[in-house]
Amino acid sequence: MTDVKKTDLMLWRMIQHSKAQFIAVLVIITVGIAIFTAISLAGVNLEDSKNQYYKENAFADLSITVQKMPASLIGDLRSVEGIALAEGRLTAEVPFIADDGERVNVKLLSIPSSGQNVNILLLKEGRFIKNVNEEVIVLSQFAEGRGIVLGDEIAVQVNGVRCELEVVGIAYSPEFIYLIESAQSMMPAPENYGVLYVDEALAMQLMGMNGAYNEVFFLYETDKNGSMSKDYKEEDIIDEIEK
């Protein structure tokens, strides 16, 4: 007990002789704790915001890619236990015809004429497509990278056919937060790669895929907390879909 008191006394004397250093260390520790607490709270808020954004825009739980699948099979996939929703889509990598002759690739995606139920676009500017054969929505990153604005006429080449489209919307997508062309691309290059959305009817016509899709997206059945229902396992759902 005496040794403890002596140690406390020595510590107190050291503090008395080094008040400035003691106060400086105390301030650093206090500021460090405050910064750590603030960053932790910000991290929680960002996580909550991300989850809310994905939920509101129905970010797909599962996707499959095929060569060609009849649209009529979508109804069968919706009946799989554990699946709340299934939606088909057409996708193709096509050349974007730039005014400066630069080689630019884009991903051309279809939007159902009745509206999306999965990976729903969030419009930044403009509106959704009305004239199915002449209008396009551009992903925001690509629009900013190439200086594309509403009302611009852009062109792509699909199966050797040039298709000119008017930009009627610029949008964000939960599917393309970090936009890169492939896994080999380390950094995004929004001026050289982008995503364009056209009506499903036009996409089928351009790609020669009438009444068919080459991608399907799924939403799982969830409980009241928004988590996947414990009655189902993802592996079992995937096995059932593959049958």
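Let us look at the structure shown here.

**Points about the packing of aromatic side chains**
Aromatic rings in a pair are described by how distant their centres are and how their planes are angled relative to each other.
Link 1 in the chain: Within this structure, the stated rule accounts for 2 aromatic pairs.
Link 2 in the chain: Residues Y54 and F59 carry aromatic rings whose centres are separated by 4.6 Å and whose planes lie at 25 degrees to one another, so their mutual orientation is stacked.
Link 3 in the chain: Judged by relative accessible area, Y54 falls into the partly exposed class, the value being 24%.
Link 4 in the chain: For F59, a relative accessible area of 31% gives the class partly exposed.
Link 5 in the chain: Ring centres of F96 and F142 lie 5.3 Å apart, and the angle between their planes is 90 degrees; this geometry places the pair in the edge-to-face category. Residue F96 is found in strand β3 (residues 91-97), and its partner F142 is found in helix α4 (residues 140-146); the two are separated by 46 residues along the sequence. Each member of the pair, F96 as well as F142, is classed as buried.

**A word on the pairing of strand β9 (residues 193-199)**
Link 1 in the chain: The buried count for β9 comes to 7 of 7 residues, which makes it a mostly enclosed element.
Link 2 in the chain: Where strand β4 (residues 103-111) lies against β9, 7 bridges are found, and the strand directions are parallel. In the strand pairing of β9, S110 is matched with V198.
Link 3 in the chain: Two strands pair when backbone bridges link them, and strand β6 (residues 135-139) and β9 are joined in this way by 2 bridges, in the antiparallel orientation. Paired with I137 across the two strands is Y197, which belongs to β9.

**Examining the pairing of strand β8 (residues 161-172)**
Link 1 in the chain: Two elements, strand β5 (residues 122-126) and β8, share 4 bridges in a ladder whose sense is antiparallel. Across the sheet, residue G126 finds its bridge partner in β8, namely G169.
Link 2 in the chain: Bridge analysis of β6 against β8 gives 5 bridges, and the strand direction is parallel. What sits directly across from I137, in β8, is G169.
Link 3 in the chain: Note: strand β7 (residues 153-158) against β8, 6 bridges, orientation antiparallel. When the sheet's bridge partners are listed, Q157 is paired in β8 with R162.
Link 4 in the chain: Hairpin geometry of β7 and β8 is characterised by an intervening segment of 2 residues between the two adjacent antiparallel strands and by a positive phi of about 50 degrees at N159.

Conventions used here
- Residues numbered from 1 in each chain as written.
- Predicted model: local features only at pLDDT ≥ 70, side-chain atom pairs only at ≥ 80, totals over all residues.
- Heavy atoms only, no water.
- Phe/Tyr/Trp six-rings, centres within 6.5 Å; stacked < 30°, edge-to-face > 60°.
- Buried < 20%, exposed > 50% of the residue type's maximum accessible area, 1.4 Å probe, protein only.
- Helix = DSSP H or I, 4+ residues; strand = E, 2+ residues; numbered from the N terminus.
- Pairing = 2+ DSSP bridges.

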